[in-house]
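The chain contents come next:
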Amino acid sequence: MSLATSYAVDPKRDGAGRKVIHPLVVRVTHWVNAVAMITMITSGWQIYNASPIFPFRFPDALTLGGWLGGAIQWHFAAMWVLMGNGLLYLGYGVLSRRFYRKLWPITWRGLIIDLSDALRGRLAHADLSKYNAVQKLLYGGVILAGILAVLSGLAIWKPVQLQVLTAVFGDFDTARIVHFLSMSAITAFLLVHVAMALIVPASLLAMFRGR
Ligand code: HEM
């Protein structure tokens, strides 16, 4: 299918002929992911505080679980939700070609133009069905950071059983640093992402209603 044809069939329309910007499966997996990811991050900060790898700790008020044991229970419970939900979102994105249609192509020219427009507050938001180049890069990037966070997490959870995976990262300590850095990238994304969603409330509404 050519790029022009694929744009012509996306976004789809609902029974009443209205544009569907985010199909139901994307909306449900997005919000389940948001809850699971925030649970993983805040319980992860509590786990980190028990044995910091850098010379700082996260404020207790921002952590979940109360103590190391409680945080581990939250972290492992949310892990299954995050992985199952993530596989559903990724599977749908690949099989329906949604990723290809919505997140591709990303060009240097598009990035420079959209970034300079964004910094001057001149980005157009009239058509919410198409992502600009900066959004494509950020969404593609956070999906990869999420996959990296899960893989490095598995490597430090079961370093003996999954020693091949741990070896891919180098060793246990390196996998732990990769896990921390991917969490940091996701947290930085989240701060910008939530701010943007509040600045353009129509995009937030579309992530609930689909239209
Ligand atoms: C609770 C906080 C969150 C809010 C308010 C929020 C809001 C939104 C909104 C409004 C959109 C649609 C953007 C648009 O159409 O212009 C969106 C899309 C997206 N968000 Fe979030 N989000 C949140 C959490 C997250 C988290 C935790 C992640 C991943 C770590 C994430 C990843 C994404 C991705 C990848 C998309 C594109 C989805 C697609 O089209 O397939 N979001 N979000």
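These numbers come from a predicted model, not from an experiment.

Visitor: Talk me through the side chain of N85; I want residue IDs and the actual numbers.
Guide: In this structure, N85 sits in helix α3 (residues 68-95). Judged by relative accessible area, which is 11%, N85 ranks as buried. Setting aside chain neighbours within four positions, we find N85 in contact with T29, V32 and N33.

Visitor: Residues and numbers for unusual backbone geometry, please.
Guide: Residue W104 is joined to P105 through a cis peptide bond whose omega torsion reads -5 degrees. In this structure, P105 sits in the loop between α4 (98-103) and α5 (108-119). Even without being glycine, R97 reaches a positive phi, approximately 65 degrees. Among the secondary structure elements, R97 is positioned in the loop between α3 and α4.

Visitor: I'd love a proper account of the site of the ligand, names of residues and values included.
Guide: Lining the immediate surroundings of the ligand are 21 residues, of which H30, Y89, R98, Y131 and H193 lie closest. Q135 is positioned with one of its side-chain polar atoms (N or O) 3.0 Å from an oxygen atom of the ligand. With respect to the ligand, the side chain of H193 contributes an N or O atom lying 2.6 Å from a nitrogen atom. Mapped by element, the contributors of at least two residues to the shell around the ligand are α2 (24-50), α6 (133-157), α8 (172-199) and α9 (201-209). With 6 residues, α8 is the single largest residue contributor to the shell around the ligand. Across the shell around the ligand, the residue classes tally to 14 nonpolar, 6 polar and 1 charged. Inspection of the shell around the ligand shows a minimum of three residues originating in each of domain 1 (18-96) and domain 2 (99-205).

Rules of the game
- Residues numbered from 1 in each chain as written.
- Predicted model: local features only at pLDDT ≥ 70, side-chain atom pairs only at ≥ 80, totals over all residues.
- Heavy atoms only, no water.
- Helix = DSSP H or I, 4+ residues; strand = E, 2+ residues; numbered from the N terminus.
- Buried < 20%, exposed > 50% of the residue type's maximum accessible area, 1.4 Å probe, protein only.
- Contact = heavy atoms within 4.5 Å.
- Near = heavy atom within 4 Å.
- Polar contact = N/O pair within 3.5 Å; in protein donor to acceptor, adjacent residues only side chain to side chain.
- Nonpolar A, V, L, I, M, F, W, Y, C, P; charged D, E, K, R; others polar.
- Domains from an automatic or database assignment.

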